[in-house]
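A structural walkthrough
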Amino acid sequence: MNTELDFIQGMFDRIAPRYDFLNRLLSLGQDIRWRKEMVAAGDVENGSSFLDAACGTCDVALEIRKRKKTACRITGMDFSLKMLFSGKKKISPATPENTVNLVAGDALMPPFKPETFDAVFIAFGIRNIMNREKAMKNFRSCLKKNGRLVV
């Protein structure tokens, strides 16, 4: 076991219920604009498949869903189950064609086959990945040909 990874995972499990509030407070609300710009930068065709890696409470996944007017596949992945549970509470079935599927997983060992996604997004979670080079290689392998990786 990796004690540093366990520490980070435990920290996110503890702050999950207050994570959105803390993001808004500490960034003075800029995190909302940053996410919108990030999703716009990674925009690909409707009907595509997206991964929100280290998704936290699913704000990027929900921004993708909001922008897409036709069916697409969105997957949120995080290693903190409590963050995923907090995100699941925010996901309504209002647009079933653009559902967000949540998966427990680690950026260093993502549970996806090669060439699964048209775009991979990782927002604030990148700061907590110790081996960023390995994570980027993993994300690239999950991308389809001509896919986009947006950090």
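Below you will find a few notes about this structure.

1. As for the state of the cysteines
On inspection of all chains with the given rule, the structure shows zero disulfides. Residue C58 stays outside any disulfide, its sulfur separated by 4.1 Å from that of C55, the closest cysteine. With no disulfide partner, C72 has as its closest neighbouring cysteine sulfur the one in C58, 14 Å distant. Among the residues examined, C72 registers a relative accessible area of 4% and is labelled buried.

2. Comments concerning the pattern of salt bridges
With the rule as written, the count across this model stands at eleven salt bridges. A salt bridge links K90 to D20, with the nearest nitrogen and oxygen atoms 2.9 Å apart. Residue K90 is located in helix α5 (residues 81–90), and its partner D20 is located in helix α2 (residues 19–26); the two are separated by 70 residues in the primary sequence. K90 gets classed as partly exposed once you look at its relative accessible area, which sits at 30%. Among the salt bridges present, the one from R35 reaches D31, with a minimum N-O distance of 3.0 Å. With R35 and D31 both in helix α3 (residues 30–41) and four residues apart, this pair spans about one turn of that helix. Classification of R35 by relative accessible area gives buried; the value is 6%. Through salt bridges with shared partners, a single network forms among D20, R24, D31, R35, D59 and K90.

About the thresholds
Residues numbered from 1 in each chain as written. Predicted model: local features only at pLDDT ≥ 70, side-chain atom pairs only at ≥ 80, totals over all residues. Heavy atoms only, no water. Disulfide = S-S within 2.5 Å. Buried < 20%, exposed > 50% of the residue type's maximum accessible area, 1.4 Å probe, protein only. Salt bridge = Lys/Arg side-chain N within 4 Å of Asp/Glu carboxyl O. Helix = DSSP H or I, 4+ residues; strand = E, 2+ residues; numbered from the N terminus.

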